[in-house]
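Chain by chain, the residues run as shown.
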Amino acid sequence: MITIPEAARALRSGAATSRELTEASLVAAAALDADLSAFVVMDSDGALAAADAADEAIAAGRDLGPLMGVPVGIKDIVDVAGLPTRCGSPAYPATPAATDATLVRRLRRGGAVIAGKTTTHELACGVYSPPVSNPWNLSRIPGGSSGGSGAAVAAGIVPMAIGSDTGGSIRIPASLCGIVGLKATYGRVSRAGVAALAWSLDHLGPLTATVAGSAAALEVLAGPDPLDPSASPRPVPQYTRSLDRGVDGLKIGVLAGAPLEPMQPDVAEVFASAADLLGAHGAAMVGVEVPELEHGLAAEFGIVAPEAAAYHRELLRRRPDQIDPGIRALLVAGLMMEPEHYFKALQARRAIADALRRAFVENGLDALLTPTLPATAALNSADDFWFGDSAEPVTLAYVRTTGPFNLSGLPALSVPAGFDRDGLPVGLQIAAAPFDEETALRVGASFESVAGVSSRQPPTYSTGVVADS
Amino acid sequence: MPAVSDGVHDEPVDNDDPVELTAARMRALGLDHEVFDPAAAWADLAQRIAQSASLDALVSRSGGPDPTAFDPSWPDDSQRPSGK
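Parameters at a glance
- Residues numbered from 1 in each chain as written.
- Chains lettered and ligands numbered in written order.
- Predicted model: local features only at pLDDT ≥ 70, side-chain atom pairs only at ≥ 80, totals over all residues.
- Helix = DSSP H or I, 4+ residues; strand = E, 2+ residues; numbered from the N terminus.
- Rg over C-alpha atoms; globule rule 2.2 N^0.38 Å.
- Buried ≥ 20, exposed ≤ 12 C-beta atoms within 10 Å, placed from the backbone.
- Contact = placed C-beta atoms within 7 Å.
- Core = buried A, V, L, I, M, F, W, Y, C linked by C-beta atoms within 7 Å.
- Pairing = 2+ DSSP bridges.
- Axes fitted to C-alpha atoms, helices over the stretch in contact; angles between N-to-C directions.
- Parallel < 35°, antiparallel > 145°, perpendicular 65-115°, else oblique.
- Nonpolar A, V, L, I, M, F, W, Y, C, P; charged D, E, K, R; others polar.
- Left-handed = near helix turned anticlockwise from the far one by under 90°.

### Comments concerning the overall build of chain A
Right, so step 1: Across its full length, chain A holds 15 helices and 13 strands.
Right, so step 2: The C-alpha atoms of chain A give a radius of gyration of 20 Å, which matches the 23 Å a tight globule of 469 residues would have.
Right, so step 3: For the C-alpha atoms alone, the extent of chain A along its principal axes is close to 60 × 55 × 45 Å.
Right, so step 4: With 469 residues in all, chain A has 64% of them scored as buried.
Right, so step 5: In chain A, the share of contacts with a sequence separation of at least 24, taken over all contacts with a separation of at least 6, comes to 77%.

Written out as structure tokens, the structure reads:
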């Protein structure tokens, strides 16, 4: 499969048609998904009809934008008219959604081709996304909760898939699957028509093979929405315009201390090399500590539990036997905890957001780097990571480095940074100031161009059609 | 040992037994399906409340930051990093 910029060039030059790209996606899904389980449903008829419409538009000289004619996957918590929204749960009905979510409407308006819906961890609440496998190693998890989206893009089935991110659910699969994941600023992408996990922490965004694809996708996805009161009215910049500006003159923080430790040694090595590489290409690198981030997990789950319980309370009362026991325990706790605990977690979020703002402002930072995750992809069967003599649940280990940017609402991008000794991908997380996705993408594109990591393909991969890239 | 009603069901509850109190609270909330395990719920709740208590180091018990108007943007553009 080709990337979004390659597809755009191929479609406009006549080297490929949207129908060819879409058929390649459908063939790749049929060939690979028995191993990956990345999709819960493919919409072949709808996708081919949309592809033909895109081809007609191209032939008529109309340009609907960077995703015109590009097949995409949609996480199965997002409403797509005519397809059910099952949220990875047997408790959700198979009745089709009546209308599109706002972001799906934006994609269709931009000429994108909805190829199918991708597997989510149940209720978007987890990092394993069973039964999805990681294309780099089928015995490893793809991450979650947008695990199907991560696997689908990493395996080359589609150039872009939508994910949601409440505590890392775009960036975790991006990191573990060796692709690019962007959680934009809270409010940058509408949440209307998307099943919630925690309203005040939920973000939507793209998983793509390249940073340029991520920037192009955000240009289509971002914008105000009267159906989502949290959607920002700020104008949407042209995110692709700054991608080739490099990092010379930027000041970039390198996070140390909480919440990064403990960390796998290979991840620490890749992270240090990534920071050195950006420094060598002209960025001023400065070490930064934000001790308040030590409390990120307590704040994150202190908000997720009551908000998720409020959203799913009827499901919890009527069909609790159809909810995974771990998620059920979270929902029960969320219903039973006193309001004091919720409001304390909200206050902690404010304190953490303020601490990150101070770190940016007082150090004059344009961006802040962390490893996306302290560990690479866990085995499907693993409950815990072992860091030396101490065990840490896989879920907590992953969320502790990503969650702070849900709490603060800051944009955060994960790009492939290297590999561990087992050949599993390691991600670099690049956070920026509110609504400054442009800088995060600029740093990510610069790193991508000099690191040479993104060109590696996993063992489970579809080459699809060949374009004149 | 004192016994109280949970306000919904008639059976008395031992209000010194946290598991019984948890069970009563769960019933009051409509969580009365057989899959619910009050003992496990109480243990889980205790763990989460302890986790919440760890936030006291960050947020004072009374007062503290106003959490109700969360907005990810910073107060004004002068606080944005240089060159932006």
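The rest of the description comes next.
### Comments concerning the overall build of chain B
Right, so step 1: Summing up its helical and strand segments, chain B has two helices and two strands in all.
Right, so step 2: Along its sequence from the N terminus, chain B presents helices and strands in the succession β-β-α-α.
Right, so step 3: Burial statistics for chain B: of 84 residues in total, 23% are counted as buried.
Right, so step 4: Restricting to contacts in chain B with at least 6 residues of sequence separation, those with at least 24 account for 3%.

### Details of the nonpolar core
Right, so step 1: Counting 172 residues, the largest nonpolar core has Leu-67, Val-70, Val-72, Val-113, Ile-114, Ala-367 and Ile-430 of chain A as its most contacted members.
Right, so step 2: Those residues in contact with Ala-367 of chain A, other than ones at most four positions away along the chain, are Leu-250, Ile-252, Ile-430, Ala-431, Ala-432, Thr-439, Ala-440 and Val-443 of chain A.

### Overview of the sheet that holds strand 12 (residues 412-419) of chain A
All names here are of chain A.
Right, so step 1: The strand order across the open sheet built from eleven strands is 1-3-2-4-6-5-12-13-9-7-8, with neighbouring strands paired in mixed fashion. Looking at the sheet topology across the chains shown, the edges are occupied by strand 1 (39-42) and strand 8 (284-289). Neighbour to neighbour, the strand axes of the sheet diverge by 30° on average, direction disregarded.

### Quick word on the packing of helix 1 (residues 18-28) of chain B against helix 2 (residues 38-53) of chain B
All names here are of chain B.
Right, so step 1: Between helix 1 and helix 2, the shortest axis-to-axis distance is 8 Å and the interhelical angle comes to 100°. Between helix 1 and helix 2, the angle is such that the two are roughly perpendicular. Residues Pro-18, Val-19, Thr-22, Ala-23 and Met-26 of helix 1 form the contact with helix 2, whose participating residues are Pro-38, Ala-39, Ala-41, Trp-42 and Leu-45.
Right, so step 2: A class-by-class count of the residues in the contact of helix 1 with helix 2 yields nine nonpolar, one polar and no charged.

### Examining the interface of chain A and chain B
Right, so step 1: Each partner contributes to the interface: chain A provides 44 residues, whereas chain B provides 31 residues.
Right, so step 2: Sorting the residues of the side of chain A that touches chain B by element identifies helix 9 (296-311), helix 10 (313-318), helix 11 (325-336) and helix 12 (339-363) of chain A as the ones contributing at least two each.
Right, so step 3: In terms of residue count, helix 12 of chain A provides more of the side of chain A that touches chain B than any other element does, 13 residues in total.
Right, so step 4: Looking at the side of chain A that touches chain B residue by residue, the classes come out as 25 nonpolar, ten polar and nine charged.

### Description of helix 1 of chain B
Right, so step 1: Inspection of helix 1 of chain B places Thr-22, Ala-23, Ala-24, Arg-25 and Met-26 of chain B among the buried residues, and these make up the whole buried set.
Right, so step 2: Gly-30 of chain B sits one or two positions beyond helix 1 of chain B and adopts a positive phi of about 85°.

### Quick notes on unusual backbone geometry
All names here are of chain A.
Right, so step 1: Each neighbour pair has its own omega, and for Gly-144 with Ser-145 the value is 15°, a cis peptide bond.
Right, so step 2: For the peptide bond that leads from Ala-258 to Pro-259, omega is 0°, which places it in the cis range.
Right, so step 3: The topology assignment puts Pro-259 in the loop between strand 7 (251-256) and helix 8 (265-280).
Right, so step 4: Phi is positive for Leu-123, close to 55°, though the residue is something other than glycine.
Right, so step 5: Inspection of the secondary structure assignment puts Leu-123 in the loop between strand 3 (113-118) and helix 5 (147-154).
Right, so step 6: Residue class for Leu-123 comes out buried when judged on the 25 C-beta atoms lying within 10 Å of it.

### Focus: the packing of helix 11 of chain A against helix 2 of chain B
The packing of two helices is summarised by the inter-axis angle and the distance between the axes.
Right, so step 1: Interhelical geometry of helix 11 of chain A versus helix 2 of chain B gives an angle of 70° and a closest axis separation of 10 Å. In terms of axis orientation, helix 11 of chain A runs roughly perpendicular to helix 2 of chain B. Where helix 11 of chain A crosses over helix 2 of chain B, the two elements pack in a sense that is right-handed. For the pair helix 11 of chain A and helix 2 of chain B, contact is made by Ala-329, Val-332, Ala-333 and Met-336 of chain A and by Ala-41, Asp-44, Leu-45 and Arg-48 of chain B, respectively.
Right, so step 2: A per-class count over the contact of helix 11 of chain A with helix 2 of chain B returns six nonpolar, no polar and two charged.

### Regarding helix 7 (residues 211-221) of chain A
All names here are of chain A.
Right, so step 1: Buried residues dominate helix 7, accounting for eleven of its eleven residues.
Right, so step 2: Within helix 7, the full set of buried residues consists of Val-211, Ala-212, Gly-213, Ser-214, Ala-215, Ala-216, Ala-217, Leu-218, Glu-219, Val-220 and Leu-221.
Right, so step 3: Positive backbone phi, at 145°, marks Gly-223, one or two positions downstream of helix 7.

### Re the environment of Leu-373 of chain A
Residues and elements named next belong to chain A.
Right, so step 1: Tracing the backbone through its elements, the reader meets Leu-373 in the loop between strand 9 (367-371) and strand 10 (384-387).
Right, so step 2: Looking at Leu-373, the number of C-beta atoms within 10 Å reads 30, which means it is buried.
Right, so step 3: Spatially, the C-alpha atom of Leu-373 lies 7.3 Å from that of Ser-175, the residues being 198 residues apart in sequence.
Right, so step 4: Contact partners of Leu-373, with chain neighbours within four places excluded, come to Ile-172, Ser-175, Tyr-398, Thr-401 and Gly-427.

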